[in-house]
Amino acid sequence: MADYDYDLLTIGAGSGGVRASRMSAFFGAKVAVAEELYLGGTCVNVGCIPKKLLVYASHYAEDFADAASYGWTASEPRLDWAKLIANKNREIARLNGVYRKILGDAGVDILDGHAEILDAHTVALDGRRISAKYILVAVGSWPVVPKFPGSEYAITSNEAFYLPSLPKSVVIVGGGYIGVEFAGIFHGLGTRTIQLYRGESFLRGFDDDIRTTLAAEMLKRGIDLRFNADISTIEKRGDALFATLTDGGAIEADQILYATGRVPKTLNLGLERAGVKIETSGAVIVDEYSKSSVDSIYAIGDCTDRMMLTPVAIAEGMAVANTLFNDKPMRPEYLNVPTAVFSAPNCATVGLTEEQARQANFQVDIYKTSFKPLRHTLTGRDERTMMKLVVERMTDQVLGCHMVGPDAGEIIQGLAVALNCGATKAQFDTTVGIHPTAAEEFVTMRTRTA
Ligand SMILES: Cc1cc2nc3c(=O)[nH]c(=O)nc-3n(C[C@H](O)[C@H](O)[C@H](O)COP(=O)(O)OP(=O)(O)OC[C@H]3O[C@@H](n4cnc5c(N)ncnc54)[C@H](O)[C@@H]3O)c2cc1C
């Protein structure tokens with residue numbers, strides 16, 4: 001060990017890098033983590049946390065409106081965007097401090113600056129050479145806007161979190177979860193919102209019933225959701241942006257947000273120089289233990305081609321720490337990873353979609369329900385909640401749970417435990433529900449729909 005400055009040098013203090021560094025230090029390793037932008041990475045600064053805070057903010061408009069049906073009167077609500085963003089920024093600054101403290105308390109050295117790999121055991125950081133027995137690449141990903149005339153006027157989610165004022169109108173391009181979530185956020189905050197997606201239906205990879213239910217609910221709310229639609233050029237005229245669509249149409253908006261993809265932040269990181277193999281996308285190629293093609297270099301999180309989710313990056317970081325410094329080689333588990341989309345309304349899912357189950361040649365029974373949430377019996381709001389179970393006919397095992405509706409993520413998280421335990425439909429059926437909740441529908445669905 002004495003030959004190296006550190007046992008582990010992590011590049012990137014985001015979700016994965018922080019967990020791997022802390023746990024490695026806990027197991028007795030001498031650890032440093034290099035960070036060029038912000039402690040906590042994407043999730044804390046321009047991802048999950050500020051996104052969820054804006055999602056909360058966006059719900060109030062509906063809550064104020066619905067309150068009247070429950071007997072409340074209040075003065076006309078008004079959003080102070082500058083205050084919302086300032087409060088959000090204050091919370092993020094607090095979290096940055098929390099991360100600095102937990103790393104410090106764990107005995108991890110924080111090296112502020114841009115790190116570049118020089119060879120299998122050496123990293124350059126602002127003119128310094130630092131050596132380590134192992135290097136962990138945890139550099140995350142970065143949003144990209146495709147190049148086309150006027151693309152420089154488009155913003156990404158990074159900028160959306162810091163807009164100086166709330167746009168009166170926004171066009172969101174992209175059909176992944178980030179685009180869908182921002183459509184809900186802006187619409188809820190009062191911005192005229194158009195979402196464009198070039199494919200037939202958004203949220204590729206989610207169960208079709210989630211995709212169709214959510215699209216219908218978003219349209220009902222007034223989000224102008226357009227499939228088979230894309231932008232070919234953007235022009236700036238004064239303060240407004242004019243987008244020409246590929247079908248010849250045109251839209252004027254204050255902001256155009258591209259949420260069409262993120263790429264691993266591995267450009268000019270020195271990976272190739274050190275002999276690390278990468279995909280054409282820039283993703284580091286790793287084995288099941290997150291080891292790259294170079295024995296001393298590991299990679300985790302968004303910069304590898306796995307699942308771009310915070311808990312997954314954390315699990316991968318945890319596994320690397322155990323593998324390298326706790327004598328417990330560990331492979332992260334990707335089966336039954338639950339996930340939520342904080343759209344309006346929320347969606348969440350765990351396990352196989354109906355399509356995936358059928359493609360895997362399972363004979364499946366489908367249980368599905370759609371109902372008006374109790375809360376809206378008084379408000380009269382035309383909103384439906386959808387729940388679906390995919391069950392293997394032979395074994396009765398529940399292979400997938402899918403939901404669109406309020407608090408979907410909170411509900412599906414619990415069901416993910418049941419799926420991990422291999423729960424059967426009969427076990428769901430004998431579980432007593434909590435009444436009156438939406439969640440109880442998951443244990444009271446009796447009629448097969450397919
Ligand atoms: C808008 C948005 C919403 C999201 N919402 C959710 C959600 O609700 N739930 C969820 O699970 N996931 C969500 N995600 C995804 C989640 O944020 C990422 O999957 C997660 O942050 C990946 O963690 P990571 O450790 O791989 O990388 P990151 O958290 O991105 O951390 C990488 C760090 O490395 C640093 N870095 C990069 N290069 C260098 C270098 N050369 N030298 C020094 N430092 C460097 C970066 O500055 C960064 O801090 C969201 C993402 C976005 C963009």
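Residues numbered from 1 in each chain as written. Predicted model: local features only at pLDDT ≥ 70, side-chain atom pairs only at ≥ 80, totals over all residues. Heavy atoms only, no water.

1. Some points on the site of the ligand
- Close to the ligand lie 36 residues, the nearest being G16, E35, T42, K51 and D302.
- Within the side chain of T42, an N or O atom sits 2.5 Å from an oxygen atom of the ligand.
- Between the ligand and A115 there is a distance of 2.9 Å, counted from a nitrogen atom to a backbone nitrogen or oxygen.
- Coverage of the ligand by the protein chains reaches 96% of its 1000 Å² of free accessible surface. (Near = heavy atom within 4 Å. Polar contact = N/O pair within 3.5 Å; in protein donor to acceptor, adjacent residues only side chain to side chain. Areas by Shrake-Rupley, 256 points an atom, 1.4 Å probe, with all protein chains shown as cover.)

2. A few points about the pairing of strand β9 (residues 192-197)
- Along β9, five of the six residues are buried, which leaves the element largely enclosed by surrounding structure.
- In this sheet, β9 lies alongside strand β8 (residues 169-173) in parallel orientation, the contact comprising five bridges. Each residue of the ladder has a partner; that of V171, found in β9, is I194.
- As for the winding sense of the linkage, the β-α-β connection from β8 through helix α6 (residues 177-189) to β9 is right-handed.
- Where β9 and strand β10 (residues 224-227) come together, four bridges link them in parallel fashion. Within the sheet, the bridge partner assigned to Y197 lies in β10 and is F227.
- The parallel pair β9 and β10 is bridged by helix α7 (residues 208-221), and the resulting crossover is right-handed. (Buried < 20%, exposed > 50% of the residue type's maximum accessible area, 1.4 Å probe, protein only. Helix = DSSP H or I, 4+ residues; strand = E, 2+ residues; numbered from the N terminus. Pairing = 2+ DSSP bridges. Right-handed = clockwise from strand over helix to strand, strands pointing away.)

3. Structural notes on a nonpolar patch on the surface
- Together, L37, W142, V144 and V263 make up an exposed nonpolar region whose accessible area comes to about 310 Å².
- Residue placement: L37 occurs in the loop between β2 (31-35) and α2 (41-46). (Patch = residues over 30% accessible without salt bridge, like charges linked within 9 Å, V, L, I, M, F, W, Y side chains within 5 Å. Salt bridge = Lys/Arg side-chain N within 4 Å of Asp/Glu carboxyl O.)

4. Comments concerning the nonpolar core
- Core analysis: the biggest nonpolar cluster contains 58 residues, and F202, L389, C401 and F442 have the highest contact counts within it.
- Among all residues touching F442, those that are not within four sequence positions of it are M387, K388, L389, C401, H402, M403, I411, I412, L415 and F428.
- By size, the runner-up hydrophobic cluster in this structure holds 24 residues, among which are V139, L269, A274 and A299. (Core = buried A, V, L, I, M, F, W, Y, C linked by side-chain atoms within 4.5 Å. Contact = heavy atoms within 4.5 Å.)

Any functional reading would require information that these geometric values do not contain.
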